[in-house]
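Structure assessment
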Amino acid sequence: MWNENLQLELTHPFWLLLFLGLPVLVVYFYRSLVDFTNRQRLFSLIIRMMICSLLILSLAGLTLLTPTKELFVVVAVDESLSIGNEAEKVVAKFLEQTGNAEGDHEIRYVPFATQPGLVQAELKPLIEKQDEEEPEQLPESEPAGVIENETPAETKPAKKSDKPDPREGTNIAQVIETARAAMPPHYVPRIVLLTEGNETAGSALETAAYSEIPIYTVPLPSREDPEVQVSEVIVPAQVAQGEPFFVEVVINSNHDDEVDIQMYRGPHKVVSETQKIKAGENRFQFRQTVDRERLAEFSAAIEPRSDTFVDNNQASGLVYAIGKPRVLLIDSQPDQSQHLAWALEEEGINVDTRPPAGIPDTLADLQNYEAILISNVPATDLSTRQMDITRTYVADLGGGLIMLGGDQSFGLGGYYKTVIEEVLPVRSDFEKEKEKPSLAMVLIIDKSGSMGGPKIELAKEAAVSAVELLGPRDQIGVIAFEGSSYWASEIRPRSEKSTLVSNIRSIEAGGGTTMYPAMEMAFTALQSVAAKLKHVIILTDGHSSPGDFAGISQTMSSARITLSTVGVGEGADQNLLEQIAQIGKGRYYFTSDPSSIPQIFAKETMTASKSAINEEPFIPQQIRATPVLDEVDMASAPFLLGYVITRPKATSEIILSTEAGDPLLVWWRYGLGMSVAFTSDANNRWAAEWLSWPGFSKFWAQLIRNTMRKSDSRGVSVELTQHDQLASLELDAVDLTGRFLNNAETDLTLIDPQLNKQNLQLNQIGPGKYKTSFDVLQPGAYHLELTQKQSGQVQFQQSRGMIVGYPDELRLKPTNHELLESLAEMSGGKFNPSAEEVFRNESESVGRPTPLWPYLLALALLLFLLDVALRRIDFSIFVPSLAGKREMI
């Protein structure tokens, strides 16, 4: 704080070092040859030193600070949805009073909710804006960081919309930061907050503590429109399957009303009734059970008779149920998996069997299971999202994944280079056996204009993958067609991989669609190639010009050249492509998702090469001892009749192999979970003799129990709470003897609604107590996986979840006088001041700078003229006092 006395300051004091050069003037004084009196020469020296000093002080930024009490006031008005209509009158009256306030001050207005922005106009013109076309603009010298003028937006009840309303939040801390950053220097700063004080983001008290600006707070009344909300759905964190418990629905209202309450367990409605409610808090309990689900979501929705917002009429809670382990079995033909499902049920494992369409596309659904089994399901039946969720389930939530063999599994299912193959412990590509038949394949790729963008790029990637999957004796060529056809890459052996890949990547989209000549070119080329198997794959997304497609397809079939087709998008001629594939004794694929093209090509390549399946009977060979096979007599295991050829990844464990040395049972740990590959099947095609083997049930039950997610919560208590946009997790842990579990490495894997992963570590805050916090900025389901280790050993692993509903801005809350009073007291402001008190300033002042360099330069110029005169004119003639001894040095 500046006192009333004038003060001087230097803005660039390092220029003062130039004073060290002043002795040079003295040297020249003694060496001067001027024939003037010593007194005149001495006087000239003094003038020169004064000139240099003035110039140095100008460069150093000599500034005069004069005290001023002029205020710069930022008036911040809360425009969030929680502000009631009555607040408009309070705001209008306050703004009018501040606009009419007399005194020496500057004032600016800033509306705020979640994203405040300062306004570049004086307040008085702002109030009178109805009669003005444009607001008054400030000169360019005004403080930076302000934006164009806005009038306070009228606060109206908002209904449900597709886009989030920026007013669905109150960030007081942010507006304090914005106002502080835009405050110009050399004014006495003040901030006036007009708000109801229920912040939903940030911490206003923490921000005010270091802002060092007085904050005056004016409380606004909260919304008084008729409003009913579901405040909370309270459920126990964990129950036993079949155990009765209560779901408590908390409803808050600011008036008496009647509501229809509907409650759902997942998609199923379990409660529907009408209840009368009173103003304030109302609680209703509903008795429920969880029979089969591992993770059950209970949602409550209400329909009041009188209401303003619909966004806050629903809330949800998650319940984890413990009981028999539950696995999900996915099979292209679910009836073929009955034997495996029955065997597991006999071993105490619940099994849900679904077709590929039933694979979950949400983590909440997949969390119901300890493991997922994929039996003979092609990759083309899975969406990208389903694959991504499966990987997240295994890697980040500790789930188990088992893939069983079949003619639609592993490489034959098109899993090469997919997310699922990344999780599995085996690879789909392998070194083709020498005795396997050689293959010559031609890819016919549509490169017309409609294939531009991602389609053609995915088609090229698919062709490259096909090259990589072929054996060294196989050959492949690529024909690209639009209005005309040409060889993008002539038929070459796979050993020339680099040339093939380079030619494929050179394909660019553009032109029409004429497919028949390309088919003729492929037929002619394949006739002259020596190979036992010959195959053609056609990819197009449109209708071709006319041609004898049936004739050329029949000709190829007669020449023992098989023909498969792939249609991409609704524009493809599906009838024609299906007919071509049928005549050509190949397969027809249709996809509306271009991203599945690489999986289709990989599947088709492996199928055409007839090299990925070995259907010779064999006895499984145990390579490594493991407790998983305890009490399973593998020596008595009967023949398996076939398997899919794969190759193990570097860090995987091969437990069982075939007699040829190929992997049969392989597993590895992937992230927090485990994945397993069993390259034979569990149905009556290859495992027909195993179905009657006494060890069949125990083999699969022990393998699945070893793979499934571990969830031992003995001695562990987890509490998960949420406040505003911050969630806190506290964990209490004791060991088996009841002693506190201290110094344990406790980690949390958090998956948000967008499947983004965050790894957090819990800090120990007391005996056996660990805690962490994390932001929950997006609505939706959050999945948590807790792991605690001590001395490298996993003590427990447990899953939890929470659902973040509507913004806190839509909750019924009274004006937070306590926060507003604390803000004013902490910052040195005043709570609920009048307009006069805002602008009253009796003691505070700051230094207002006045640069002195113009005056210093003017004085230096005058002295320079005098110095010139002293060096040109002998003043001893006119001024006797300058007369003296003349001396020449």
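For clarity, every value in this text was computed on a predicted model and none was experimentally measured.

The number of helices and strands found in the protein chain is 20 helices and 41 strands. Across the 889 residues of the protein chain, 52% fall into the buried class. Summarising the internal contacts of the protein chain: among those between residues at least 6 apart in sequence, 75% fall at separations of at least 24. With an accessible surface of roughly 40,100 Å², the protein chain has 51% of that area assigned to carbon and sulfur atoms.

What follows deals with the sheet that holds strand E7 (residues 228-234). Strands sit in the order E7-E9-E12 across an open sheet of three strands; the sheet is antiparallel. The sheet is open, and its two edges are formed by E7 and strand E12 (280-288), each paired on a single side. Looking at each pair of strands side by side, their axes are set apart by 25° on average, direction ignored. Sheet analysis places strand E9 (residues 245-253) next to E12, joined by nine bridges and oriented antiparallel. By the bridge assignment, Asn-252 is partnered in E12 with Glu-281.

Looking now at the sheet that holds strand E36 (residues 757-761). Across the sheet, which stays open at both edges, the four strands sit in the order E36-E35-E39-E40 with antiparallel pairing between neighbours. Among the strands making up the open sheet, the edge pair consists of E36 and strand E40 (793-804). The mean angle between the axes of side-by-side strands here comes to 20°, regardless of whether they run parallel or antiparallel. In terms of strand pairing, strand E39 (residues 780-790) meets E40 through 11 bridges, oriented antiparallel. By the bridge assignment for E40, Lys-789 is matched with Val-794.

What follows covers helix H13 (residues 516-527). The terminal C-alpha atoms of H13 lie 17 Å apart, and with 12 residues this matches the ideal 16 Å at 1.5 Å per residue to within 8%. Considered for burial, the residues of H13 that qualify are Tyr-516, Ala-518, Met-519, Ala-522, Phe-523, Ala-525 and Leu-526.

A surface patch of nonpolar side chains, amounting to about 510 Å² of accessible area, comprises Leu-859, Leu-861, Leu-862, Phe-864 and Leu-865. With respect to the helices and strands, the residue Leu-862 is situated in helix H20 (residues 853-872). A residue is classified by how much of its surface remains accessible, and Leu-862, at 57% relative accessible area, is exposed.

For Glu-212, which is not glycine, the phi torsion reads 55° and is therefore positive. Among the structural elements, Glu-212 can be located in the loop between helix H6 (204-211) and strand E6 (215-219). Exposure remark for Glu-212: the relative accessible area of 72% places this residue in the exposed category. In the Ramachandran plot, Lys-585 falls in the positive-phi region, its phi being about 60° despite a non-glycine side chain.

All right, on to the packing of helix H11 (residues 454-469) against helix H12 (residues 497-505) then. At a closest axis distance of 9 Å, the pairing of H11 and H12 adopts a crossing angle of 170°. Comparing the axis directions of H11 and H12 gives the class roughly antiparallel. Viewed along their axes, H11 and H12 form a crossing whose handedness is right-handed. Counted together, Lys-460, Glu-461, Ala-463, Val-464, Val-467 and Glu-468 of H11 and Lys-497, Leu-500, Val-501, Ile-504 and Arg-505 of H12 form the full contact between these two elements. Partitioned by chemical class, the residues of the contact of H11 with H12 number six nonpolar, no polar and five charged.

Tallied over the full model, the rule gives 12 aromatic pairs. Ring pairs connect the aromatic residues Phe-678, Trp-690, Trp-693, Phe-699 and Trp-700, which therefore count as one cluster.

This next bit is on H6. What H6 keeps buried is the set Ala-204, Thr-207, Ala-208 and Ser-211. Angularly, the buried residues of H6 cover 100° about the axis, an arc narrow enough to put them on a single face. Structural note: H6 exposes Glu-206 and Ala-209 on the side pointing more than 90 degrees away from its buried face. Buried residues in H6 make contact with helix H5 (172-182), E6 and helix H18 (817-827). Downstream of H6 by one or two residues, Glu-212 has phi in the positive range, about 55°.

Summarising the element assignment, Val-377 is placed in the loop between strand E17 (371-375) and helix H9 (384-395). Judged by relative accessible area, which is 0%, Val-377 ranks as buried. Those residues in contact with Val-377 that sit more than four places away from it in its chain are Ile-330, Asp-331, Ser-332, Pro-356, Leu-382, Gln-408, Ser-409 and Tyr-415.

On to the environment of Ser-58. Along the chain, Ser-58 falls in helix H2 (residues 38-59). For Ser-58, a relative accessible area of 13% corresponds to the buried category. Considered as a pair, Ser-58 and Leu-857 are 799 residues apart in the sequence and their alpha carbons are 7.1 Å apart.

Glancing now at the packing of H13 against helix H14 (residues 549-558). Packing of H13 against H14 leaves a shortest axis separation of 10 Å and a crossing angle of 15°. By the angle class used here, H13 and H14 are roughly parallel. Where H13 crosses over H14, the handedness of that crossing is left-handed. For the pair H13 and H14, contact is made by Tyr-516, Met-519, Glu-520, Ala-522 and Phe-523 and by Phe-549, Ile-552, Ser-553, Thr-555 and Met-556, respectively. Split by residue class, the contact of H13 with H14 holds seven nonpolar, two polar and one charged.

For the protein chain, mean pLDDT is 83; residues scoring 70 or higher make up 89% of the total. Residue range residues 116-164 is modelled with pLDDT below 50. Its contacts to residues more than four positions away, or to other chains, number 101 contacts.

Moving on: the side chain of Ser-231. With respect to the secondary-structure elements, Ser-231 resides in strand E7. For Ser-231, a relative accessible area of 16% corresponds to the buried category. If near-sequence neighbours (up to four positions away) are discounted, Ser-231 is found in contact with Val-250, Ile-251, Asn-252, Tyr-806 and Arg-811.

Here Asn-171 lies in the loop between helix H4 (123-127) and H5. For Asn-171, a relative accessible area of 14% translates into the label buried. A polar atom in the side chain of Asn-171 sits 3.5 Å from the backbone nitrogen of Ala-173. A polar atom in the side chain of Asn-171 sits 2.9 Å from the backbone nitrogen of Gln-174.

Okay, the pattern of salt bridges next. For side chains of opposite charge, pairing can occur when their charged atoms come near one another. Tallying each qualifying case throughout the model produces 28 salt bridges. In this structure, Glu-248 engages Arg-283 in a salt bridge whose closest nitrogen and oxygen atoms are separated by 3.3 Å. Taken together, the residues span a long stretch of sequence, with Glu-248 in strand E9 and Arg-283 in strand E12 at a distance of 35 residues. Relative accessible area serves as the criterion here: at 17%, Glu-248 is assigned to the buried category. Assessed through its relative accessible area of 43%, Arg-283 is described here as partly exposed. Residue Arg-685 is joined to Asp-407 by a salt bridge in which the shortest nitrogen-to-oxygen separation is 3.0 Å. Placement of the pair is Arg-685 in the loop between strand E32 (673-678) and helix H17 (696-707) and Asp-407 in the loop between strand E18 (400-404) and helix H10 (419-423), with a sequence separation of 278 residues.

Definitions and limits used
Residues numbered from 1 in each chain as written. Predicted model: local features only at pLDDT ≥ 70, side-chain atom pairs only at ≥ 80, totals over all residues. Heavy atoms only, no water. Helix = DSSP H or I, 4+ residues; strand = E, 2+ residues; numbered from the N terminus. Buried < 20%, exposed > 50% of the residue type's maximum accessible area, 1.4 Å probe, protein only. Contact = heavy atoms within 4.5 Å. Areas by Shrake-Rupley, 256 points an atom, 1.4 Å probe, with all protein chains shown as cover. Pairing = 2+ DSSP bridges. Axes fitted to C-alpha atoms, helices over the stretch in contact; angles between N-to-C directions. Expected span 1.5 Å × (residues − 1). Patch = residues over 30% accessible without salt bridge, like charges linked within 9 Å, V, L, I, M, F, W, Y side chains within 5 Å. Salt bridge = Lys/Arg side-chain N within 4 Å of Asp/Glu carboxyl O. Parallel < 35°, antiparallel > 145°, perpendicular 65-115°, else oblique. Left-handed = near helix turned anticlockwise from the far one by under 90°. Nonpolar A, V, L, I, M, F, W, Y, C, P; charged D, E, K, R; others polar. Phe/Tyr/Trp six-rings, centres within 6.5 Å; stacked < 30°, edge-to-face > 60°. Arc of directions from axis to C-beta. pLDDT = per-residue confidence, 0-100. Polar contact = N/O pair within 3.5 Å; in protein donor to acceptor, adjacent residues only side chain to side chain.

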